[in-house]
Amino acid sequence: MKILHTADWHIGKKLDNYSRLEEQRLVLAEICEIAEAEQVDAVVVAGDLFDNFNPSSEATELLYSTLHRLSANGSRAVIAIAGNHDSPERIQVPDALAKVCGIIFVGFPNTEISQFCTQAKVDILRTAKGFVEIELPNASFPLRILHTPYANEQRLKTFLGVEDSEEALRVHLQQHWQELADKYLDDAGFNLLITHLFVMKKGEPVPEEPEEERPILHIGGAQAIYTENFPDKIHYIALGHLHRYQVIDKTPAPAIYSSSPLAYSFSEANQTKYVVLIEAEAGKLVSYRAIELTKGKKLRRRSFNDIDKAIEWLGEHSEDLIELTIVSNNYLEATDKKRLNEAHPGIIQIIPQIKKSELATTTSEIDLSLSMEKLFQEYFKTKNKGQEPSDGLMAVFREVLGTEEEN
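Within every chain, residues take consecutive numbers counted from 1 along the sequence as written. Restriction of local features to residues with pLDDT of at least 70 applies here, the model being predicted, together with a cutoff of 80 or more for giving and counting side-chain atom pairs; totals for whole chains, interfaces and linings are based on all residues. Where side-chain values are given, they derive from all heavy atoms of the structure, hydrogens and water being excluded.

Enquirer: Quick question: what am I supposed to make of the overall build of the chain here?
Expert: The numbering of helices and of strands both runs from the N terminus, where a helix is a DSSP run of H or I of at least 4 residues and a strand a run of E of at least 2. Tallying secondary structure elements over the chain gives 10 helices and 20 strands in all. In this analysis, two residues are considered to be in contact whenever any of their non-hydrogen atoms come within 4.5 Å of each other. Taking contacts inside the chain between residues at least 6 apart in sequence as the whole, the part at least 24 apart equals 67%. With the model as given, the accessible surface of the chain reaches about 19300 Å², and the carbon-plus-sulfur share is 47%. All accessible areas in this document rest on Shrake-Rupley with a 1.4 Å probe, and a residue is counted as covered only by the protein chains that are shown.

Enquirer: I'm lost on empty space enclosed by the protein in this one. Help?
Expert: If a probe as big as a water molecule is rolled over the atoms, it shows which places are left empty. Only protein atoms enter the 1 Å grid used here, on which a cavity is any set of points holding a 1.4 Å probe that cannot leave and a pocket is any open set flanked by protein within 12 Å on both sides along at least five of seven lines; residues with an atom within 4 Å of a point are listed as lining. Grid points are joined across faces, edges and corners, and a volume is the space filled by probe spheres set on the points. Under the criterion given, the structure shown has 2 cavities of 30 Å³ or more. Roughly 150 Å³ of internal volume is contained in the largest cavity. Taken together, 15 residues line the largest cavity, and the ones lying closest to its centre are Ala 263, Gln 271, Lys 273, Lys 297 and Lys 298.

Enquirer: It is not clear to me how the pairing of strand 6 (residues 103–106) should be interpreted in this structure. Could you clarify?
Expert: Sheet faces and side chains relate simply in a regular strand, where the side chains alternate between the two faces. Under the scheme applied here, a residue whose accessible area is under 20% of the maximum for its type counts as buried, over 50% as exposed, and between as partly exposed, the area being computed with a 1.4 Å probe on protein chains only. Side chains of strand 6 alternate between two faces, with Ile 103 and Phe 105 and Ile 104 and Val 106 buried alike. Alignment of strand 5 (residues 77–81) against strand 6, held across 4 bridges, turns out to be parallel. Considered in strand 6, the bridge of Ile 79 is made with Ile 104. Paired strands, in this sense, are two strands between which DSSP finds at least two bridges.

Enquirer: Could you clarify how one ought to interpret the sheet that holds strand 19 (residues 321–328) in this entry?
Expert: Pairing between the strands of a sheet comes from backbone hydrogen bonds, and it takes one of two forms, parallel or antiparallel. If you walk across this open sheet you meet the 3 strands as 18-19-20, and the pairing is parallel. In the strand order of this sheet, the two ends are held by strand 18 (299–304) and strand 20 (347–354), each with one partner. Mean inter-strand twist for the sheet, computed between neighbouring axes without regard to direction, equals 15°. Bridge count between strand 19 and strand 20: 7 bridges; the pairing is parallel. Looking at the pairing, Leu 324 lines up with Ile 350 of strand 20. Angles here are taken between N-to-C directions and fall from 0 to 180 degrees, while the axes themselves are lines fitted to C-alpha atoms, restricted in helices to the stretch in contact. The strands that helix 7 (residues 307–316) touches are strand 18, strand 19 and strand 20; relative to strand 19, the one it contacts most, it runs at about 165°. Packing against the sheet, helix 8 (residues 334–343) makes contact with strand 19 and strand 20, and its axis sits at approximately 150° to strand 20.

Enquirer: Would you mind showing me how to read the sheet that holds strand 8 (residues 131–135) here?
Expert: Strand order in this open sheet of 7 strands is 7-8-9-10-13-15-14, and the pairing throughout is mixed. On the outer flanks of this sheet lie strand 7 (123–128) and strand 14 (246–249), each paired with one strand and no other. Between one strand and the next, the sheet's axes are offset by a mean angle of 25°, whatever the strand orientation.

Enquirer: Looking at this model, I keep getting lost on the pattern of salt bridges. Mind explaining?
Expert: Where side chains of opposite charge bring their charged atoms close, a pairing between them can arise. What counts as a salt bridge is simple: a side-chain nitrogen of Lys or Arg found within 4 Å of a carboxyl oxygen of Asp or Glu. What the rule picks out here adds up to 19 salt bridges. The closest approach of N and O atoms between Lys 2 and Glu 38, which form a salt bridge, is 3.3 Å. Of this pair, Lys 2 sits in strand 1 (residues 2–6) while Glu 38 sits in the loop between helix 1 (21–37) and strand 4 (42–45), placing them 36 residues apart in sequence. Where Lys 273 meets Glu 268, a salt bridge forms, and the shortest distance between an N and an O atom there is 2.8 Å. Glu 268 carries the same exposure label as Lys 273, and that label is buried. A single network of salt bridges, built from pairs that share partners, joins Arg 126, Glu 133, Arg 144 and Asp 186.

Enquirer: Would you mind showing me how to read helix 7 here?
Expert: One turn of an α-helix holds 3.6 residues; hence residues three or four places apart share an orientation. Turning to helix 7, its buried residues are Ile 307, Ala 310, Trp 313 and Leu 314. The arc that holds the buried residues of helix 7, viewed along the axis, is 120°, so those residues lie on one side. Away from the buried face of helix 7 by more than 90 degrees, exposed residues Lys 309, Glu 312, Gly 315 and Glu 316 are located. The elements touched by buried residues of helix 7 are strand 18, strand 19, helix 8 and strand 20. N or O atoms within 3.5 Å of each other form a polar contact, as long as, within protein, one can give a hydrogen and the other can take it, and as long as residues adjacent in sequence are counted only when both atoms are side-chain atoms. Where helix 7 begins, the side chain of Asp 306 points an oxygen toward the backbone nitrogen of Asp 308, at a separation of 2.9 Å. The directions considered for the arc are those from the helix axis to the C-beta atoms.

Enquirer: It is not clear to me how the environment of Tyr 264 should be interpreted in this structure. Could you clarify?
Expert: Among the secondary structure elements, Tyr 264 is positioned in the loop between strand 15 (255–257) and strand 16 (273–281). Measuring from C-alpha to C-alpha, the distance between Tyr 264 and His 243 comes to 8.4 Å, with 21 residues separating the pair along the chain. Residues within four places of Tyr 264 in sequence aside, it is in contact with Asp 8, Trp 9, His 10, Lys 13, Leu 15, Arg 20, Gln 24, His 243 and Leu 299. Here Gln 24 takes part through its side chain, which lies 3.0 Å from a polar atom of the side chain of Tyr 264.

Enquirer: Just to check I follow, could you spell out the packing of aromatic side chains for this structure?
Expert: Centre-to-centre distance and the angle between the planes together describe a pair of aromatic rings. Ring pairs are drawn from Phe, Tyr and Trp, using the six-membered ring of Trp, whenever the two centres fall within 6.5 Å, and their geometry is named by plane angle: stacked under 30 degrees, edge-to-face over 60, tilted for the rest. Tallying each qualifying case throughout the model produces 8 aromatic pairs. Look at Trp 177 and Phe 230: their rings are 4.9 Å apart centre to centre, the planes differ by 25°, and that puts the pair in the stacked class. Of this pair, Trp 177 sits in helix 6 (residues 166–184) while Phe 230 sits in the loop between strand 12 (225–226) and strand 13 (236–239); the two residues are 53 residues apart in sequence, bridging distant segments of the chain. Given a relative accessible area of 4%, Phe 230 falls into the buried group.

Enquirer: Is there a simple way to explain helix 9 (residues 372–383) in this structure?
Expert: Here the expected length of a helix is defined as 1.5 Å per residue gap, with one fewer gap than residues. Here helix 9 spans 16 Å end to end across 12 residues, near enough to the 16 Å set by a 1.5 Å rise per residue. Taken as a whole, helix 9 has its buried residues at Glu 373, Phe 376, Gln 377 and Phe 380. Buried positions in helix 9, seen along its axis, are confined to an arc of 100° and lie on one side of it. Residues of helix 9 that are buried in the fold lie against helix 10 (391–401).

Structure follows, in structure tokens:
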């Protein structure tokens, strides 16, 4: 049996105001091509299908068309769960139509999937709250899945009966998973757990969450789950939420974040993105392999103190998306900013950074005999660590005053 693990598609996400939808079309098509080339039997998408609760019609169409292609007309099982960016109600809306294609949507914790069988013989054999067992057309043993979508504070209370307590959540999920494992899991099938939670190994450094990612850890959402909370009978743990590929632990089973398919913030610049191909036999994980994704634009961030050198570097990376920091003694002139933007269409942000001056003073006497222009210059220097106002700024100030440049 072959299973493809992917997560954190964030369809519809923008980089500032820059749309990534066309890049998402390309990389999701690449994921479909990998599934087809490897002839996988099932695909799991571990949450954050959309980037917000109210996705555009274009984002919705892209999700459904991608999952339909992955399902191979009902001959391949596709299991997609809600993440913290998803509306669980919206995720489960197309459930009846999706099942015809072998697509299983899980929006809420403790969802019980109804039984069905596609014409191509993807057959739901057994279900329970948080569990499904699937017979696949080309596999001689079943795929068992424990599924736990993201749960915020309200969902924890409503669907899991858990108060907003870190230890209470861990205890509940451990007991819940263990009960399902004891009842439904054995070595006659392959046992997979899919969840969208912040998972870490107890005692290890806390993994870094993506920049701008809505917080799951401690702030208004579910807390960290330890790998020791997973049951021993699980053979692979498919995780979603963290955008970098990483193996969190290998005990009781490999617990892996497959990564997002694109770099979605400049903190992810230079990260390679992956899907994970799982090969399984009844009762054991044979192997797992990260497959690099190559579509989409690279994100690059660089700092320069010379505009000409920055423009030269921009020309070397004309297809990438750029965050540029310009370090200078004065504020960035409008003419320099225009030159940079004209040199590269993919500049997302230009960050001006003023060098620290040793001439900055902490206190100064106000000499009211000075001209208005001199007073402004002294005020500016006081507020900006001794930096002189730029010629452009002074020209604007003189225009406001209606004065000529002083000799």
